[in-house]
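# Architecture and fold: a report
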Amino acid sequence: MKLDGDADKIVARYPQSGSALLPLLHLVQSEEGYVSPAGIEYCADKLGLSTAEVSAVSTFYTMYKRRPVGDYHVGVCTNTLCAVMGGDAIFATLKEHLGVGNDETTEDGRVTLEHIECNAACDFAPVMMVNWEFLDDMNPDKAVRVVDELRAGKEVHSTRGPALCTFKQAERILAGFEDPREGAVAGGGAAGHATLAGLLVSQGRTPTGPALTTEASE
């Protein structure tokens, strides 16, 4: 595998080579778009593990894919809160619009659609992710516009700042290499209004409209 030099850099970060398995699997996905059988064998050889051990890890975590992912992995949260806030409608709309089912890729190879059980972002429900970047407060129309712009090659930004990159580029970043996107590292996130309102209530204070974000953060 041609990523040997980068793999050596990852392994060198850890006192025990086996600890490098998770980022190494991301590195494999940055090259092949999924964790291939050859990738499993490569990781096992590189880290002194059995292929069964590598397979067990790669099939446990949902971020590791068993078949090739398109340029953009679109994950729609359909867990309870997002579902009732519109996540189910977003997922149904995208399935029909893209002509694919769950965990399937469009014929042009641009978009893989998957329902996600939880993105841990209830404040911003319903949410979807594109290559693990958040798009908050979505609805079916906005979701369709996002996938259409991505398929058309237009630049699309996460609602939290950075421009969306391809799945393989995102996987290289997750493997621990530099994120070259402007403002991506400084972007970050913040607590949503619902959480901040709860904080004020717990303090015996009354949430008061848009100003509550600033007030609670002080």
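Residues numbered from 1 in each chain as written. Predicted model: local features only at pLDDT ≥ 70, side-chain atom pairs only at ≥ 80, totals over all residues. Heavy atoms only, no water.

A cluster of nonpolar residues, Leu22, Phe60 and Tyr61, forms a patch on the protein surface that exposes about 320 Å² of accessible area. Position of Phe60 relative to the elements: it lies in helix α4 (residues 51–60). (Patch = residues over 30% accessible without salt bridge, like charges linked within 9 Å, V, L, I, M, F, W, Y side chains within 5 Å. Areas by Shrake-Rupley, 256 points an atom, 1.4 Å probe, with all protein chains shown as cover. Salt bridge = Lys/Arg side-chain N within 4 Å of Asp/Glu carboxyl O. Helix = DSSP H or I, 4+ residues; strand = E, 2+ residues; numbered from the N terminus.)

What the rule picks out here adds up to two aromatic pairs. Taken together, a centroid distance of 4.9 Å and an interplanar angle of 85° make the contact between Phe60 and Tyr61 edge-to-face. For Tyr61, a relative accessible area of 39% corresponds to the partly exposed category. A ring pair is formed by Tyr61 and Tyr64, whose centres lie 6.3 Å apart and whose planes are at 85°; its orientation type is edge-to-face. When its relative accessible area of 7% is taken as the criterion, Tyr64 is described as buried. An aromatic cluster is present here, built from Phe60, Tyr61 and Tyr64 joined pairwise through their rings. For the cation-ring pair, Arg160 lies above Phe124, with the distance from its terminal atom to the ring centre recorded as 4.8 Å. The ring of Phe134 is capped by Arg160, whose NZ or CZ atom sits 3.9 Å from the centre of that ring. (Phe/Tyr/Trp six-rings, centres within 6.5 Å; stacked < 30°, edge-to-face > 60°. Buried < 20%, exposed > 50% of the residue type's maximum accessible area, 1.4 Å probe, protein only. Lys NZ or Arg CZ within 6 Å of the ring centre and 35° of its normal.)

What follows concerns helix α7 (residues 167–174). Buried residues of α7: Phe167, Ala170 and Glu171, and no others. Each buried residue of α7 lies within a common arc of 100° when the element is viewed along its axis, so the set occupies one face. Buried residues along α7 sit in contact with α2 (21–32) and β1 (72–77). Count one or two residues on from α7 and you reach Gly176, which has phi positive near 110°. (Arc of directions from axis to C-beta. Contact = heavy atoms within 4.5 Å.)

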